[in-house]
Amino acid sequence: MKRALITGITGQDGMYLGELLDRKGYEVYGLVRGQNNPKVAEVRDVLPNAKLLFGDLTDLGSLLRVMEIAAPEEVYNLGAISFVAHSWENAGMTTDVTGKGVLNMLEATRKLAGSDPASIRFYQASSSEMFGKVQEVPQKESTLLWPRSPYGVAKVFGHYMTINYRESYGMHASSGILFNHESPRRGIEFVTRKVTTAVARIKLGKQDSLTMGNLEASRDWGYAGDYVDAMWRMLQQPAADDYVIATGVTHTIRDLLDVAFAHIGITDWADYVSYDKQYERPAEVDLLIGDATKAKDVLGWEPTVDFTELITMMVDSDLELQRTADRD
Ligand code: NDP
Ligand code: GDR
């Protein structure tokens, strides 16, 4: 039985990856932080076989202990402060967790691997946010990085540190440059889930309207279930490498509103959506669109869920959740 450790197991991707590895027969270990983390109950429900170990990405000692107990063959470093807007208000903390946390995990992995550095395979959750002020369209593995947020800067640090550990110590350390991916498990602070939750509540008469920021921004949105499969595929390769994971199709926030509202029968949403400057960012990433040709050629990976399917899936799930909340 293969053993894998997932940091960030309480997050969207951590839960999907845990399910995927469980289906593949892995013994799954998850790093959980905090003394009374409210997400633990949900993880235990979704992943009853997973073994949860307590530690924090900012605390190297805790990571060394967790690595020793889990003794994994594969490490998936998904833990991060991941909300870009939050990273301007908490730049120091974001740097410590999303940036230096990667170095801590690489170091804990290297220590456990000992004289055979490639014996533990390492995945780093890099991000399209690293492309920021995009230098070419679409973006690929070789595109110059130009981050536009403290989060993006921290991810660039983690990305290059992963490459550096691979080149310096011969570690099997891969980096997935993942474009936005969403699901019914997406946190409600992110724009897709914010919209699908609000639309479901509007449909059920629980809410009148929603307040949004920049509607012109574009994102290349895929389905989280597809993207965790790409992570696993990267670690099954004989050699570690970096891969862009994306759908290659971009949509604006307006398109997102179109699809979500259309699904509840509203074609003109103008009366339901207002603007609030508080959701604007000090610097914006305007046109993200990824070229995942390398992932297709080497990993045999392709997305299976398109934008409309993704957003309608999320609206349906939120309608069900809101109805269940009424019954409870
Ligand atoms: P989430 O925000 O849903 O999950 C983040 C996870 O990190 C949570 O489990 C959180 O734990 C954990 N975490 C936060 N701080 C710490 C810490 N100090 N020590 C240990 N764990 C911590 O993110 P996603 O699942 O969406 O994303 C997974 C990874 O992929 C992240 O690194 C993200 O930056 C990256 N990424 C995501 C993309 C996306 O579109 N979803 C695209 C590209 C990259 P807790 O529940 O306790 O807060
Ligand atoms: P992003 O995701 O910053 O791309 O980071 P988010 O969903 O937060 O924003 C996407 C775009 O929507 C615009 N926007 C709004 N965003 C939010 N959250 N709320 C609003 O009301 C709103 N109105 C407009 C934003 O300006 C932005 O342009 C996500 C995270 O998962 C990162 O961790 C990951 O690395 C990247 O995706 C790829």
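Residues numbered from 1 in each chain as written. Chains lettered and ligands numbered in written order. Predicted model: local features only at pLDDT ≥ 70, side-chain atom pairs only at ≥ 80, totals over all residues. Heavy atoms only, no water.

Visitor: An account of the overall build of the protein chain is requested, with residue identities and associated values reported.
Guide: On a plain count of helices and strands, the protein chain comes out with 11 helices and 13 strands. Expected size for 328 residues packed as a compact globule is a radius of gyration near 20 Å; at 20 Å, the protein chain falls within 12% of this value. The principal-axis extents of the C-alpha atoms in the protein chain amount to approximately 65 × 50 × 40 Å. Looking at the protein chain residue by residue over its 328 residues, the buried ones come to 52%. Partitioning the intrachain contacts of the protein chain with sequence separation of at least 6 by distance along the chain shows that 78% fall at a separation of at least 24. Counting only carbon and sulfur atoms, one obtains 49% of the accessible surface of the protein chain, whose full area is about 14,300 Å². Taking the average location of the 34 positive side-chain charges in the protein chain and that of its 46 negative ones, the two points are 4 Å from each other. (Helix = DSSP H or I, 4+ residues; strand = E, 2+ residues; numbered from the N terminus. Rg over C-alpha atoms; globule rule 2.2 N^0.38 Å. Buried < 20%, exposed > 50% of the residue type's maximum accessible area, 1.4 Å probe, protein only. Contact = heavy atoms within 4.5 Å. Areas by Shrake-Rupley, 256 points an atom, 1.4 Å probe, with all protein chains shown as cover. Lys, Arg positive; Asp, Glu negative; His and termini not counted. Charge placed at Lys NZ, Arg CZ, Asp CG, Glu CD.)

Visitor: Which residues make up empty space enclosed by the protein, and what are the values?
Guide: Per the counting criterion, the structure on display carries one cavity of 30 Å³ or more. Approximately 40 Å³ is the volume attributed to the largest cavity. Gly 18, Asp 22, Tyr 26, Val 28, Leu 47, Pro 48, Asn 49 and Ala 50 are the residues that line the largest cavity. For the lining of the largest cavity, a count of residues per class yields five nonpolar, two polar and one charged. (1 Å grid on protein atoms, 1.4 Å probe; cavity = no way out; pocket = protein on both sides within 12 Å on 5 of 7 lines; lining within 4 Å. Points joined across faces, edges and corners; volume = space filled by probe spheres on them. Nonpolar A, V, L, I, M, F, W, Y, C, P; charged D, E, K, R; others polar.)

Visitor: Go over the site of ligand 1, please, and point to the residues and values.
Guide: Taken together, 26 residues are adjacent to ligand 1, and Thr 10, Arg 33, Asn 37, Ser 82 and Tyr 151 come closest. Ala 80 places a main-chain nitrogen or oxygen 3.0 Å from an oxygen atom of ligand 1. Calculation on ligand 1 without its partners gives an accessible area of 910 Å², and the protein chains cover 90% of this total. The set of elements that each furnish at least two residues to the shell around ligand 1 consists of α1 (12-23), β5 (121-127) and α6 (150-169). Looking at the shell around ligand 1 element by element, the count peaks at three residues for β5. Across the shell around ligand 1, the residue classes break down as nine nonpolar, 11 polar and six charged. (Near = heavy atom within 4 Å. Polar contact = N/O pair within 3.5 Å; in protein donor to acceptor, adjacent residues only side chain to side chain.)

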